[in-house]
Amino acid sequence: MHIEYEEFETIEDILMYMASAAPPMKNTMPINSYKGYVLSFIPLSPSTGETYLMLYAKGSLEPGIYEFDVASKSFKKVEGVERADKVYFISLTPKRNTIADVAIENL
């Protein structure tokens, strides 16, 4: 397995990247808060699963739903997905993430 990295200064920056890369009409995306990082993995070789891009920023998010406003580059924790003009992230805190463990070890 090979991992490429893209580090961001803030959580808002990683959410902005993820929002801009989202397929049209998909307004809910998972993101992990794990071992002091907010991160997401994008497979760069989907057919083999050998190469991943790890997008990350130092920080943490509580598990839950976050509404992200692209225009103001801000997010807030919400109870549900309510608006089609916003992008939503589901923050998960896995007990163990072996891909993230390898990636973080190699930072």
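Values in this document were obtained by computation on a predicted structure and should not be read as measured data.

The rules behind the values
- Residues numbered from 1 in each chain as written.
- Predicted model: local features only at pLDDT ≥ 70, side-chain atom pairs only at ≥ 80, totals over all residues.
- Heavy atoms only, no water.
- Helix = DSSP H or I, 4+ residues; strand = E, 2+ residues; numbered from the N terminus.
- Buried < 20%, exposed > 50% of the residue type's maximum accessible area, 1.4 Å probe, protein only.
- Polar contact = N/O pair within 3.5 Å; in protein donor to acceptor, adjacent residues only side chain to side chain.
- Phe/Tyr/Trp six-rings, centres within 6.5 Å; stacked < 30°, edge-to-face > 60°.
- pLDDT = per-residue confidence, 0-100.
- Pairing = 2+ DSSP bridges.
- Axes fitted to C-alpha atoms, helices over the stretch in contact; angles between N-to-C directions.
- Contact = heavy atoms within 4.5 Å.

Some words on unusual backbone geometry
For residues that are not glycine, phi is negative in most cases, and the peptide bond is trans in most cases. Positive phi outside glycine occurs at Lys 35, with the angle close to 50°. If you trace the backbone, Lys 35 turns up in the loop between strand E2 (28–34) and strand E3 (37–43). Accessibility expressed as a relative area gives 57% for Lys 35, which makes it exposed.

Details of the side chain of Asn 97
With respect to the element layout, Asn 97 can be found in the loop between strand E7 (87–92) and helix H2 (98–105). In this structure the side chain of Asn 97 is engaged in a polar contact, spanning 3.2 Å, whose partner is the backbone nitrogen of Ile 99.

A word on the packing of aromatic side chains
Inspection of every chain in the model, using the stated rule, returns 6 aromatic pairs. When the centroid spacing of 6.2 Å and the interplanar angle of 75° are considered together, the rings of Phe 68 and Phe 89 count as edge-to-face. Taken together, the residues span a long stretch of sequence, with Phe 68 in strand E5 (residues 64–69) and Phe 89 in strand E7 at a distance of 21 residues. For the pair shown, Phe 68 and Phe 89 are each scored as buried. Three or more aromatic residues link up through ring pairs in this structure, and these residues are Tyr 5, Tyr 37 and Tyr 56.

Considerations on the confidence of the model for the chain
Chain-level pLDDT for the chain is 90 on average; 94% of the residues reach the 70-or-more range. Ranking the helices and strands of the chain by mean pLDDT puts strand E6 (residues 74–78) first, with 96, and E2 last, with 90.

Remarks on the sheet that holds E5
The 7 strands are arranged E1-E4-E3-E2-E7-E5-E6 in an open sheet whose pairing can be described as mixed. Two strands close off the open sheet at either side, each with one partner strand: strand E1 (2–7) and E6. Geometrically, the sheet is characterised by an average inter-axis angle of 35° between neighbouring strands, direction not taken into account. Bridge count for E1 against strand E4 (residues 51–58) is 6 bridges, and the pairing is parallel. Its bridge partner being in E4, Glu 4 is matched across the sheet by Leu 53. Helix H1 (residues 11–21) contacts E1, E2, E3, E4, E5, E6 and E7 of the sheet and is inclined by roughly 145° relative to E4. Across the sheet, H2 lies against E1, E2, E3 and E4, angled at about 110° from E3, the strand it touches most.

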